[in-house]
Structures are given as C-alpha cells and as structure tokens.
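Observations on the three-dimensional arrangement
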Amino acid sequence: MSANQSPVGMQPTATYDSAFLKACRREPVPHTPVWFMRQAGRSLPEYLKVREGIPMLESCMRPELVAEITLQPVRRHRVDAAIYFSDIVVPLKAIGIDLDIKPGVGPVVAEPIRTRADLVRLRDLTPEDVTYVTEAFGLLTRELGATPLIGFAGAPFTLASYLVEGGPSRNHEHTKALMYGDPQLWADLLDRLAGITAAFLKVQIEAGASAVQLFDSWVGALSPADYRRSVLPASRKVFEAVSGYGVPRIHFGVGTGELLGLLGEAGADVVGVDWRVPLDEAARRVGPGKALQGNLDPAVLFAGREAVETKTREILDAAADLEGHVFNLGHGVLPTTDPDALTRLVEYVHTRTAR
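Residues numbered from 1 in each chain as written. Predicted model: local features only at pLDDT ≥ 70, side-chain atom pairs only at ≥ 80, totals over all residues. Heavy atoms only, no water.

Let's talk about unusual backbone geometry
- A cis amide bond, omega -5°, links glycine 294 with the succeeding residue asparagine 295.
- Here arginine 26, not a glycine, exhibits a phi torsion of approximately 65°, which is positive.
- With respect to the helices and strands, the residue arginine 26 is situated in the loop between α2 (19-24) and α3 (45-51).
- Classification of arginine 26 as partly exposed rests on a relative accessible area of 35%.
- One non-glycine residue, arginine 78, lies in the positive phi region at around 60°. (Helix = DSSP H or I, 4+ residues; strand = E, 2+ residues; numbered from the N terminus. Buried < 20%, exposed > 50% of the residue type's maximum accessible area, 1.4 Å probe, protein only.)

What follows is the structure, given as structure tokens:
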C-alpha cells in the first residue's frame, strides 16, 4: 500500500473523510454532499469557450482540456465532488470501433454489431489504449486535493444498445431483437463489454478516482425479469471486478423505478434514483445497506428560486431517514440551465443540511 492510500485499498487518503465519500459509505456527514451529473460542461459558458471548434471525442482525449473542464464546476459551484469529463463511448473508440459523436444526435456507430462474427471487433482494452485518461487523472488529483474525483463508464447494456442500434434509439428494436432472438450471442456481447468497462474503470481508479459511477442510461427500457436474466450478470461482473479497490461504486439508470432493487443487487454501494420515484420509496425498493443518490428533476431548475427550494426541501425531507444520501439531479444538467441556479442550489443544500 502506498503512502497516499487509505486502509481500504486504493482510496486516496486526501479525500477519504470528504462529505461525499462519507455519505457513500453511509457514515455521518457535516452536510449533505452535492454534485451534478453532466456538471462538467453542458451549461457553463467557460466550457463552451474552451471547447469551441473541438469535436467531442477529440476533447475527451486532450488531458489538459479534460482537466480544465472537469475543474470548472468545482470552482464555480463549490460542489462536493468532481466528475471526470469524458463520454461513455470513449473506451469503444479506444479499442478501434468506428464511431463518432454527432452534434445534436449522439454516438453513431459506422458498422453496427449484430452477428457473432462482429464480436471480434471488441478486443480487450488495455491501459495503453487510454494513456490520456491516466494523464488527465494525474493532473486532476493534484489540483483537486481533498475534493473527490468520480470516474465513470457506460454499463454493458447501454453500450450494447449503441453498438447494436448504430446510434441512439427510442424503441431499441434491434437491441431487443438480439436479446430475445439469440440470447447466447447477447450474453457473449455483454460479457465482452463488461470486461472492457471493468478495464476502463480500473484505469481510472488506479489513476486516482475516489469513486466510480456506472451509467446504464437506456436500461429503463427493460422489464425487471429481462434485466435479471439478460443484463444483471454483466453489470455484476463490472462491479465485482473493481470491488477490491475499496472505492464506492454508484449505479444509475434513467426510468429505472421498477429496477432499483436490481441495480443495487448488481453490486453498487450507492444507487442513483431519477426524479420519478421519491427517495423514501426508493429506499424501500432498494432495501438496507445502500446509500442513495438523487433526485431533483433537472427541469425544476428553470422554475425560479422559490420553486427550486421547495422541491429541494421535499427531496431532503424524503431523504431524512436514509442511511446515506448524495444530493444530485435525477438525470444530467440540461444544456440551457442557468449556471447560477446550480450554484444557488449547492449553497441551499449545504446550508439547510449543515450539522
């Protein structure tokens, strides 16, 4: 164990006693910690300025630019944790998948993966494939000091959806056709993606991530039975692969109210909750032994200060008896959000929950 690690493994000592990590571990906190999904970028004018003329995927591969964008919301909003600036398809690009992020569309894959022969294109990811990630984490951990840095990756189901559909999809018809029509190929696809995802998270943790979040953006399209049979094994493989590092593992999906217990069962320490389920009800569905994260509707931030504070109080009241609570939005920051509304929200949560 090196001098900058805590007794639980790879956890950096500088951030170990932060409010964010205490909440993830379900320990008493000085105040409810706050961070926002998609806080790095999206709504900040300083982000738009430094990213001007630089394609999304290219911006994810420039360590100094990544560090600057990741730090911007920490400086402006005083959030309790930074989230690494990247995209869930970065590891797929790193292993040679021909894809691009089209403005206004999202990730687009040139040749979708739909047959067993296509699986050979999904080779293992190595640290050498993503040296820019390691470099960026080094820059960030030195700058952040006691502020935790959250690493992240896309979950196997969501990555598979992009790969099989060839891009974003409303109905996931090709994805579900493969899942139902060739369950063995589907299982092999997700297993391979689980290995890639786990390798990507390991790089981030070993470079200094204080916690990691697995984003399963599209998994809300599935029933609980389909999730348990066709997705849970792969997500569990990812969480088990990084369990030995001792960093909190967060699991989040959109529209997953019916899946909350299963998201926790997959191996997360913290279950992210979108805005559709109150946190006290989410706690009942998840069961004991997990912290929760969430869950202000991002659209509420457009309603004015009084409305934001009213809805925030409702969430904090619903979270009053939770074992651990990290305040967040129920999904990512919307691009046209007023940055000042986010700054005020952080201050309000900190002040109202100060102990």
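Overview of empty space enclosed by the protein
- For the structure on display, the rule yields 1 cavity of 30 Å³ or more.
- The computed volume of the largest cavity comes to approximately 50 Å³.
- Forming the boundary of the largest cavity are Gly304, Arg305, Val308, Glu309, Ala341, Arg344, Leu345 and Tyr348.
- Of all the secondary-structure elements, those providing two or more residues to the lining of the largest cavity are α15 (305-318) and α16 (339-353).
- The element best represented in the lining of the largest cavity is α16, accounting for 4 residues. (1 Å grid on protein atoms, 1.4 Å probe; cavity = no way out; pocket = protein on both sides within 12 Å on 5 of 7 lines; lining within 4 Å. Points joined across faces, edges and corners; volume = space filled by probe spheres on them.)

So, the pairing of strand β6 (residues 249-253)
- The element β6 is largely enclosed, with a buried count of 5 among its 5 residues.
- For β6 and strand β7 (residues 270-272), the ladder comprises 2 bridges, and the chain directions are parallel. The partner of histidine 251 across the bridge, within β7, is valine 271.
- On the question of chirality, the crossover connecting β6 to the parallel β7 by way of helix α13 (residues 260-265) is right-handed. (Pairing = 2+ DSSP bridges. Right-handed = clockwise from strand over helix to strand, strands pointing away.)

Brief notes about the layout of surface pockets
- Within this model, the largest pocket holds a volume of roughly 1,100 Å³.
- As for the largest pocket, its lining consists of 36 residues, and the residues nearest its centre are Arg38, Arg42, Met56, Asp87 and Ile101.
- Mapped by element, the contributors of at least two residues to the lining of the largest pocket are α3, β2 (99-102), β3 (106-109) and α8 (156-165).
- No other element matches α3, which puts 3 residues into the lining of the largest pocket.

Re the side chain of threonine 312
- Along the chain, threonine 312 turns up in helix α15.
- In this structure, threonine 312 is in contact with Leu296, Phe327, Leu345, Tyr348 and Val349, ignoring residues within four places of it in sequence. (Contact = heavy atoms within 4.5 Å.)

A few points about the nonpolar core
- Among the nonpolar cores identified, the biggest contains 127 residues, and Phe20, Leu122 and Leu189 are the most heavily contacted of them.
- No other element matches helix α10 (residues 183-207), which puts 13 residues into this core.
- For leucine 122, the residues in contact, after removing those within four places along its chain, are Leu92, Ile95, Ile97, Ile113, Leu163, Leu189, Arg192, Leu193 and Ile196. (Core = buried A, V, L, I, M, F, W, Y, C linked by side-chain atoms within 4.5 Å.)

So, helix α7 (residues 131-144)
- With 14 residues, α7 extends 20 Å from end C-alpha to end C-alpha; this agrees with the ideal 20 Å at 1.5 Å per step.
- Listing the buried residues of α7 in full gives Tyr132, Val133, Ala136, Phe137, Gly138, Leu140 and Leu144.
- Where α7 is buried, its residues contact α5 (63-77), β1 (82-83), α6 (90-94), β4 (149-154) and α10.
- Looking one or two places after α7, you find glycine 145, whose phi comes out positive at around 60°. (Expected span 1.5 Å × (residues − 1).)

Comments concerning the packing of helix α9 (residues 173-181) against α10
- Interaxial distance between α9 and α10 falls to 5 Å at its minimum, and their mutual angle equals 115°. Between α9 and α10, the angle falls in the class roughly perpendicular. Contacts between α9 and α10 pair Thr175, Leu178, Met179, Tyr180 and Gly181 from the former with Pro183, Leu185, Trp186 and Leu189 from the latter.
- Class assignment for the residues of the contact of α9 with α10 results in 7 nonpolar, 2 polar and no charged. (Axes fitted to C-alpha atoms, helices over the stretch in contact; angles between N-to-C directions. Parallel < 35°, antiparallel > 145°, perpendicular 65-115°, else oblique. Nonpolar A, V, L, I, M, F, W, Y, C, P; charged D, E, K, R; others polar.)

Quick word on the pattern of salt bridges
- Evaluated as defined, the whole model comprises 20 salt bridges.
- We note a salt bridge from glutamate 265 to arginine 228, for which the minimum N-O separation is 2.8 Å. Here glutamate 265 is found in helix α13, whereas its partner arginine 228 is found in helix α11 (residues 224-230), with 37 residues between them in sequence.
- Arginine 276 is paired through a salt bridge with aspartate 274; the nearest N and O atoms lie 2.6 Å apart.
- Given the relative accessible area of 49%, arginine 276 is considered partly exposed.
- Members of the salt-bridge network, linked through shared partners, are Glu258, Glu281, Arg284 and Arg285. (Salt bridge = Lys/Arg side-chain N within 4 Å of Asp/Glu carboxyl O.)

A few points about the packing of aromatic side chains
- Applying the stated criterion across every chain, the model contains 6 aromatic pairs.
- Their ring planes at 70° and their centres at 6.2 Å tell us that tyrosine 162 and tryptophan 218 sit as a pair that is edge-to-face. One end of the pair, tyrosine 162, is in helix α8; the other, tryptophan 218, is in the loop between β5 (211-216) and α11, and 56 residues separate them in sequence.
- On the basis of relative accessible area, tyrosine 162 is assigned to the buried category, the value being 9%.
- Lying across the ring of tyrosine 16, arginine 25 places its NZ or CZ 3.8 Å from the centre.
- In this structure, arginine 276 is placed above the aromatic ring of tryptophan 275, and the distance from its NZ or CZ to the ring centre is 4.2 Å. (Phe/Tyr/Trp six-rings, centres within 6.5 Å; stacked < 30°, edge-to-face > 60°. Lys NZ or Arg CZ within 6 Å of the ring centre and 35° of its normal.)

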